[in-house]
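Secondary and tertiary structure notes
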Amino acid sequence: MRSLLFVPADSAKKLHKGMTSGADALIVDLEDSISPANKVAARASAFDFLKNTSAQKQRPRLLVRVNSLDTGLTDADLEAIVPGKPDAILLPKAVGGVSVTHLDAKLAAREAIAGLPENAIAIVALATETAASLFHTGTYGGASARLTGLTWGAEDLSAELGAEANRDENGRFLDPYRLARALCLAGASAAGVPAIDTVYVDFKNDSGLRRECEEARRDGFTAKMAIHPGQVAAINEVFTPTPAMIAHAKSIVDAFAASPGMGVVGIGGKMYDRPHLVRAQALLKRV
Ligand code: COA
Ligand code: MG
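Here the residue numbers are simple positions, counted from 1 along each chain's written sequence. Written order determines the labels here, with chains lettered from A and ligands numbered from 1. Totals for whole chains, interfaces and linings use every residue, but because this is a predicted model, local features are given only for residues with pLDDT of at least 70 and side-chain atom pairs only at 80 or more, for both listing and counting. To get the side-chain values, all heavy atoms of the structure are used, and hydrogens and water are removed first.

**A look at unusual backbone geometry**
- In this structure, Lys85 takes a positive phi of about 55° despite not being glycine.
- Among the structural elements, Lys85 can be located in the loop between helix H3 (74–81) and strand E4 (88–91).
- One non-glycine residue, Asn119, lies in positive phi territory at about 65°.
- Labels follow the DSSP assignment, with helices taken as runs of H or I lasting at least four residues and strands as runs of E lasting at least two, numbered in each case from the N terminus. Tracing the sequence through the fold places Asn119 in the loop between helix H4 (97–114) and strand E5 (122–126).
- Throughout, exposure labels follow a simple rule: accessible area from a 1.4 Å probe, protein chains only, divided by the maximum for the residue type, with under 20% read as buried, over 50% as exposed, and the rest as partly exposed. Given a relative accessible area of 38%, Asn119 falls into the partly exposed group.

**Observations regarding the coordination of the magnesium ion (ligand 2)**
- As a rule, N, O and S atoms within 2.8 Å of a metal are its donors, except that Na, K and Ca use 3.2 Å; water is not among the atoms, so sites may look incomplete. Within the first shell, the magnesium ion (ligand 2) binds the protein through Asp32 (OD) and Asp156 (OD), at distances of 1.8 to 2.0 Å. Linking Asp32 in the loop between strand E2 (25–29) and helix H2 (39–53) with Asp156 in helix H6 (residues 155–161), this pair joins segments that are 124 residues apart in sequence.
- In this structure Asp32 comes out as partly exposed when scored by relative accessible area, which is 46%.

**A few points about the pairing of E5**
- E5 sits mainly inside the fold: 5 of its 5 residues count as buried.
- Burial of the side chains of E5 extends over both faces: Ala122, Val124 and Leu126 are buried on one face and Ile123 and Ala125 on the other.
- Any two strands with at least two DSSP bridges between them are considered paired. Sheet topology note: the E4/E5 ladder contains 4 bridges and is parallel. The partner of Leu91 across the bridge, within E5, is Ala125.
- In terms of strand pairing, E5 meets strand E6 (residues 147–151) through 4 bridges, oriented parallel. Counted as the bridge partner of Leu126 is Thr151 from E6.

**Topic: the side chain of Thr74**
- Within the element layout of this structure, Thr74 appears in helix H3.
- Relative accessible area serves as the criterion here: at 3%, Thr74 is assigned to the buried category.
- The term polar contact refers here to a pair of N or O atoms within 3.5 Å; inside protein, the definition further demands a hydrogen-donor-capable atom paired with an acceptor-capable atom, and it admits residues adjacent in sequence only when both atoms are side-chain atoms. In this structure the side chain of Thr74 is engaged in a polar contact, spanning 3.0 Å, whose partner is the backbone oxygen of Asn67.

**Describing the site of ligand 1**
- As a structural note, the neighbourhood of ligand 1 is formed by 15 residues, with Phe6, Lys13, Lys14, Ile227 and His228 the closest of them.
- The side chain of Lys14 places a nitrogen or oxygen atom 2.8 Å from an oxygen atom of ligand 1.
- Here, Shrake-Rupley sampling with a 1.4 Å probe gives the accessible areas, and only protein chains in the shown set may cover a residue. Notes on ligand 1: free accessible area 890 Å², of which the protein chains cover 63%.
- Taken together, the residues of the shell around ligand 1 sort by class into 7 nonpolar, 3 polar and 5 charged. Residues are counted as near a molecule or strand when any one of their heavy atoms sits within 4 Å of it. Residue type decides the class: Asp, Glu, Lys and Arg count as charged, Ala, Val, Leu, Ile, Met, Phe, Trp, Tyr, Cys and Pro as nonpolar, and the leftover types, Gly among them, as polar.

**Some points on the packing of aromatic side chains**
- Classification of ring pairs uses Phe, Tyr and Trp, with its six-membered ring standing for Trp, and accepts pairs whose centres are within 6.5 Å; under 30 degrees between planes counts as stacked, over 60 as edge-to-face, and the remaining range as tilted. Overall, the coordinates contain 1 aromatic pair when judged by the stated rule.
- Here, over-ring charges are defined by two tests on the NZ atom of lysine or the CZ atom of arginine: distance to the ring centre within 6 Å, and angle to the ring normal within 35 degrees. Its end group placed over the ring of Phe173, Arg167 keeps NZ or CZ at 3.8 Å from the ring centre.

**Considerations on the environment of Asp273**
- Following the sequence through the fold, Asp273 ends up in the loop between strand E10 (270–272) and helix H11 (274–286).
- What makes Asp273 partly exposed here is its relative accessible area of 24%.
- Sequence spacing of Asp273 and Lys93 is 180 residues, and the spatial spacing of their C-alpha atoms is 38 Å.

All we've got here are geometric facts, nothing functional implied.
Below you can see the structure in the form of C-alpha cells.
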C-alpha cells in the first residue's frame, strides 16, 4: 500500500470518485470530517458503500476511520460497518498498544456476530494525535495480530498543544511534529509494521507534496495518506521503488548470496554489511 485516500463517509459523490482515484486504499471517514449531526447518516452511507464494493475483485483496500475510543461513538460505528466487511479500521487518537488491544476485542466480538473469519479486519493506528500518545509510541509491538500499520497526525496534536501553527513559512513541520513523526517511524519499526506518513493538507501545492513524499520515503515511511484525489498519483509514484532502486537492492542481496558466511561485501567501491542487506531485502519484499 502506497496511497491511502481519506473520503468523508457522508459524501456519496466523493466515495464514488475515490474508487477511480488510483489510490491503493480508501479511508472512509466517520471521524473528524463528519459533523456531529451527520454521524448517524455517515455510518449508514459507509455501510452501503462497503456492502456494494467490498466484494469487487479489482478495488482499493477499504479502511474505515471510526471515532476514537474516548468519544463513546466507537461501538455504534463498528456495529454499523463491520457487517460491510472493511479490510481494516483506522483508529484515531490511539494511546499506545492498549488502545489497539481494546479495539481488537471489540472487533473479535463483532466479527463473530457477523460470521466473518477471526482477524478478518486489520487495524492501523493513528499514534500521535494527543500529547499523552507521544509517550506510548513504543508500546504497539504484540498489542494485536491485527495491527498492520502505524501512522501519525499533526492537526489534533497541534490543537491539543495549543500551538499557533504546525508548519513553518516554507511548509515544513515544526519541531513538536517532527518529533511525533520520528516517534511514529520508530514505533512502527519496533512493532514490525509499516509506517505511513501523515496528510499534506495544502492540496493544490504539488511541489510541496512531492517534497514531503520524498522526505518520508527517504526516512523509512512506505506510504502516505491523501485528502484529495489530485494527490494520489504523486504519492504512488514516489512510493513505488524505481528500477534503479530495485536493481541496487538485488545487487546487494546477490553479493551476499555469492559469498555465504561473509558479513560484509564491497560493491562499486562502497561497503555493505548487515543493515544494508536487511534494507535491500525489505525493499524487494515490498516490490
Ligand atoms: N475523495 C474523493 N473525491 C474527492 C475528494 C476526496 N477526498 N476530495 C475532493 N474530491 C472530488 C470533489 O468532489 C470534486 O469532484 P467533482 O469534480 O466531481 O466535482 C473533485 O474531487 C475536485 O475537488 P475540489 O473541487 O478540488 O475540492 P473540494 O473543494 O470539492 O474539496 C476538500 C476539498 C478538502 C473538502 C476535499 O478534498 C475533502 O473532503 N477531502 C477529504 C477530507 C477528509 O476526509 N479529512 C479527514 C482526514 S484529514
Ligand atoms: Mg483528527
